[in-house]
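Secondary and tertiary structure notes
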Amino acid sequence: MPSIEASEATAPRVTLSSLDTLWFQVAGTVCNLACTHCFISCSPTNRTHEFLSLEAILPYLEEAATLGVKELYFTGGEPFLNPEMESILEQALQVGPVTVLTNGLLLDPERCRRLNQLADQGDYSLDFRVSLDGYAPETNDPIRGEGTFDRILQGVSNLVEAGLNPVITVTEVYEDNGSVSGKERFFGLLRDLGVAKPRLKMLPVFQIGAEAERSGAYDSWQRLRDRDTLDEGWGHLQCSSCRMVTDQGVWVCPILVNEPRGKMGQTLSDTLEPFPLEHPACWTCHVYGVSCKT
Amino acid sequence: MSAAENNKLTAHRGKATWGERLVPLERFREETAVAGRRLSEAARLVEQGNFLRRERGATPVEGPYSRVVVFGGVYNNHLALEAVLDAAHKHGAEAVYCLGDLGGFGPSPEKVWPLLLEGDVRTLQGNYEESLASGREDCNCGYTDPRDNHFATLSYRYTSEHCSSDFKRWMGGLPLQRRIRVGQRELLLVHGSPRQINEFLFHSTSPISFLEVLLDQESCDGLLCTHTGLQWHRRLPSGRDVVNVGVIGRPANDGQPGVWYAMLEDRDGDLGVELLRLEYDHTTLALEMQQQNLPQEFIDTIRHGWWTTCLEILPARERARSRY
Ligand code: SF4
Ligand code: SF4
Ligand SMILES: [Fe+2]
């Protein structure tokens, strides 16, 4: 196994060309689920990162506006475990469009109504992404947990009922998920649920955290080296235009938050310098072209 | 699940995972506490300054004008193009600008070329021209929905096959940006955004502070763009304007067959911005599209004003207003 130090020396560096996307790990690593493929190993007891308070978030929103941020993303863990979540959303929507990544389990009808009110106010979009990993309990539940398929669909229905239309995000844990017929089955599932305008996004799988144990970690050749640098640069990677805020500071991207070396500083302005793409997950980003666009 | 298997699946809990190593949580916290930079207040300001600074492009400034008409997204719609040129004439516009995307969607791509030339339309290159001129196989939209990809590919192929190589070469020579002066204001004209030909600037996802920084970096007093298909205008707190001029090639997903363009004029040193609806002979266009065997879904959009395909580009707010 090559040492991390050696790969840092040979790794290409990616420049932050603009701060388009700012992520907040608003629920830390705390989740009401413990999915087997969760790349940051979230669970009810994982306190690697704690909740972000509204008070902690406000200065970051202000600094992000100075730096010309374009969109704000909230993730966890499960964001709605954070008791301040709705006030946080209200403040964030003053600064720009917001997307919340949720597992859909805490979306009761009452909350959905309030969220829809928030979505209707102001100038900017409020969008939701709900994770689902199979188009039936037989495929989804072994990954996300017993009984979750039905509960996720209930959450989606509640959102739709309230007038919101979430993007369903599907990881390619099963090869079939991303195929043409696989996508059509997901669209079909949503239409059957009464979603008139179904929205879907496919995501690749990161072989770190829990996923490393489910499917095996990376091989040592799965690293980026200097010579991999492309003519068009690294603009396709999230880290060329994003940063991630957790209760412990600012990290290069949402993927490397369980890595001490993924942390770049305490404020956003501390983190404007280039970052070495030394981690094997960077290899996945590069090869699969992960982006956060809907 | 056996206890051993369960244990294997949860072994990482409370651990950090750099590479293949699992690190205990306390060590993770100790290491992160000292990781990363901690700049002084002064150093932060310097970093911010460097980060925000950009080289201004050397594009010459055209004008000054007192009134111009600007539109985007022709999408082969030669009838709307004729109508907008008429309108520009009636407004007494001193110059007419097109922000790109000449092809796709509509019938008979070659028809718009002579109109652009004769009308002295100053045209920018859109992502469609870029793809056609570089001979790409498809429009590279990469939609999630297979149905969207089907339609996108279909209209791209149609346009590509019906464009002469002369027309494509001309497209390849079009500039990516222009600067014009309207009264006192220097305006930057782009297709998607100043940074990227195919960046979407929608109203609900282009926040004020983002636009202010963008205009600072380009050192201009206003920005005109298209590419999304939906028109909007935002006056920034700094007094500068950002206008997505919309498209004349297809309706703005609002249930009306009319399309949109922009008129900009000098009003005693202030910039007047008007987004105007353009009526044109959409019935004839729909018939032409039928004769060219273009998809019924596209024809429906021309007739009824609602988008029927490729809706996934829309942000939540814009999608909520959409019929499909
Ligand atoms: S994948 Fe999402 S829902 Fe599942 S444990 Fe991780 S954070 Fe929670
Ligand atoms: S994991 Fe991906 S986004 Fe994060 S630093 Fe590596 S390449 Fe960039
Ligand atoms: Fe375009």
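Our subject is the structure listed above.
Rules used in this analysis
- Residues numbered from 1 in each chain as written.
- Chains lettered and ligands numbered in written order.
- Predicted model: local features only at pLDDT ≥ 70, side-chain atom pairs only at ≥ 80, totals over all residues.
- Heavy atoms only, no water.
- Helix = DSSP H or I, 4+ residues; strand = E, 2+ residues; numbered from the N terminus.
- Buried < 20%, exposed > 50% of the residue type's maximum accessible area, 1.4 Å probe, protein only.
- Contact = heavy atoms within 4.5 Å.
- Areas by Shrake-Rupley, 256 points an atom, 1.4 Å probe, with all protein chains shown as cover.
- Near = heavy atom within 4 Å.
- Nonpolar A, V, L, I, M, F, W, Y, C, P; charged D, E, K, R; others polar.
- Phe/Tyr/Trp six-rings, centres within 6.5 Å; stacked < 30°, edge-to-face > 60°.
- Lys NZ or Arg CZ within 6 Å of the ring centre and 35° of its normal.
- Donors = N, O, S within 2.8 Å, 3.2 Å for Na, K, Ca; no water.
- Tetrahedral: all angles 85-135°; square planar, octahedral: opposite > 155°, others 65-115°.

Notes on the overall build of chain A
In terms of helices and strands, chain A carries 9 helices and 11 strands. For chain A, the residues scored as buried account for 63% of the 294 residues in total. When contacts within chain A are restricted to residue pairs at least 6 apart in sequence, those whose partners lie at least 24 apart make up 73%. Carbon and sulfur atoms provide 50% of the accessible area of chain A, an area that totals close to 10,700 Å².

Looking at the site of ligand 1
Close contacts around ligand 1 come from Cys-31, Leu-33, Ala-34, Cys-35, Cys-38, Cys-42, Gly-77, Asn-103 and Arg-144 of chain A, and that covers them all. Each residue belonging to the shell around ligand 1 can be placed in one class, and the counts come to 6 nonpolar, 2 polar and 1 charged.

Regarding the packing of aromatic side chains
Within a pair of aromatic rings, the relevant descriptors are the distance that separates the centres and the angle that separates the planes. Counted according to the given criterion, the structure contains 12 aromatic pairs over all chains. Judged by centre distance (6.1 Å) and plane angle (15 degrees), the rings of Trp-251 of chain A and Phe-28 of chain B are stacked. One end of the pair, Trp-251 of chain A, is in strand E9 (residues 249–251); the other, Phe-28 of chain B, is in helix H2 (residues 25–34), on a second chain. With a relative accessible area of 0%, Trp-251 of chain A lands in the buried category. Every member of this aromatic cluster is reached through a ring pair, and the members are Phe-105, Phe-151 and Phe-298 of chain B. In this arrangement the basic side chain of Arg-250 of chain B is found over the ring face of Phe-105 of chain B, its NZ or CZ atom lying 5.5 Å from the centre. Over the face of the ring belonging to Trp-307 of chain B we find Arg-250 of chain B, whose NZ or CZ atom lies 4.0 Å from the ring centre.

Structural notes on the coordination of the iron ion (ligand 3)
Residue and element names in this part refer to chain B. Taken together, the protein donors to the iron ion (ligand 3) comprise Asp-101 (OD), Asn-127 (OD1), His-191 (NE2) and His-227 (ND1), at separations of 2.0 to 2.2 Å. Every donor counted, the 4 donor atoms about the iron ion (ligand 3) form angles of 82 to 151 degrees at the centre, which fits irregular coordination. The sequence pattern formed by the donor residues of the iron ion (ligand 3) is D-x25-N-x63-H-x35-H. On the criterion of sequence distance, the pair formed by Asn-127 in helix H6 (residues 127–133) and His-227 in the loop between strand E9 (222–225) and strand E10 (232–235) is long-range, its members being 100 residues apart. His-227 matches Asn-127 in its accessibility class, with the two residues each being buried.

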